[in-house]
Amino acid sequence: MTEMYDNPKHVEDTFNKDKLHPYLTKAQEDELNELKRIISEKSSVSILDIGVGDGRLIKELFKHQDISNAIRAYEGIDVAQDCIDISTEVVSDMGLEGKVNITQLDAVDLKTLDKKYDMIITTWFTAGNFYPFGYDIKNYTQGYDLTENDKFTSIFKQAHEMLNPDGEIIIGSMYIDTDETRKKQEETYRNFGWTITSNKEDCFTSTKEGWWSQRYTEQRVLDYLNFVPKENFSFINLDDYDYAMMVRIRK
């Protein structure tokens, strides 16, 4: 296993609606509603989806004719072959082959796409899975210093450079770094049958099974992405209990 979703059990667990905690399904619904609202305000948009997963977003967006009409082109990438297989089948079943393209690609290699997009999105806490290049996910270091996260920064710097003028990055949902959110994360992962290895001092939750997901404050996002002017950020709370937020980053 080199990445979290290279583990078929992680794919099975995290895409199984019967195993999802209500906090996770609520975050899915809220970020989807925000995305639909944003896209519906545009007349023609090209989208890059980082971490296409099981194709859930494709299914949800393209079943609405007005949103489908607004999307000129949609490209989804994922590092895990299992996710590529699932999402490719979704595209085929919906007859979207001419409009939606699925490619296996690690997000750290975004620039190899050599394209420009109006909107680059990553949804449902995917950004929190971008652990630093030097972090050994198999050895779960507690208290790991996350003042910087070079992988997170590298991915979104490439994404920012790939935006068309007036384009934007949308990080659909990020865990907000509070102790209550940490407890909710741990509860969710225990529900999957996973064993928590991180502690309350960490701003991430990790498991013995090889899962890792980071929590954020607004300032942490600004620090990681300090190549973007502060006024180009918008932070949108997705609930009233400080669990998840959406971040919009304008070019």
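Residues numbered from 1 in each chain as written. Predicted model: local features only at pLDDT ≥ 70, side-chain atom pairs only at ≥ 80, totals over all residues. Heavy atoms only, no water.

## With respect to the overall build of the protein
Right, so step 1: Assigned secondary structure in the protein consists of eight helices and nine strands.
Right, so step 2: Here the protein has a C-alpha radius of gyration of 17 Å; the compact-globule value for 251 residues is 18 Å, and the two agree.
Right, so step 3: Viewed in the frame of its principal axes, the protein has a C-alpha envelope of about 45 × 40 × 35 Å.
Right, so step 4: Long-range pairs, those at least 24 residues apart, make up 72% of the contacts in the protein between residues at least 6 apart in sequence.
Right, so step 5: One way to put it: in the protein the 30 positive side-chain charges average out to a point 2 Å from where the 46 negative ones average out. (Helix = DSSP H or I, 4+ residues; strand = E, 2+ residues; numbered from the N terminus. Rg over C-alpha atoms; globule rule 2.2 N^0.38 Å. Contact = heavy atoms within 4.5 Å. Lys, Arg positive; Asp, Glu negative; His and termini not counted. Charge placed at Lys NZ, Arg CZ, Asp CG, Glu CD.)

## A look at helix α6 (residues 150–161)
Right, so step 1: Compared with the 16 Å implied by 1.5 Å per residue over 12 residues, the 16 Å span of α6 between its first and last C-alpha is a close match.
Right, so step 2: Within α6 the residues assigned to the buried category are Lys151, Phe152, Ile155, Phe156, Gln158, Ala159 and His160.
Right, so step 3: Where α6 is buried, its residues meet β4 (117–122), β5 (163–176), β7 (212–216), α8 (218–224) and β9 (244–250).
Right, so step 4: The N-cap of α6, judged by a side-chain oxygen 3.3 Å from the amide nitrogen of lysine 151 a few residues on, is asparagine 149. (Expected span 1.5 Å × (residues − 1). Buried < 20%, exposed > 50% of the residue type's maximum accessible area, 1.4 Å probe, protein only. Polar contact = N/O pair within 3.5 Å; in protein donor to acceptor, adjacent residues only side chain to side chain.)

## Points about the pairing of strand β3 (residues 100–104)
Right, so step 1: Examined bridge by bridge, strand β2 (residues 71–78) and β3 share five bridges and lie parallel to one another. Considered in β3, the bridge of glycine 76 is made with isoleucine 102. (Pairing = 2+ DSSP bridges.)

## Quick notes on the side chain of glutamate 75
Right, so step 1: When you line up the elements, glutamate 75 lands in strand β2.
Right, so step 2: Looking at glutamate 75, its side chain comes within polar contact range of the side chain of lysine 115, at 2.9 Å.
Right, so step 3: Once residues lying within four places of it in the same chain are set aside, the contact partners of glutamate 75 are Ile47, Leu48, Asp49, Asn101, Thr103, Leu113, Lys115 and Tyr117.

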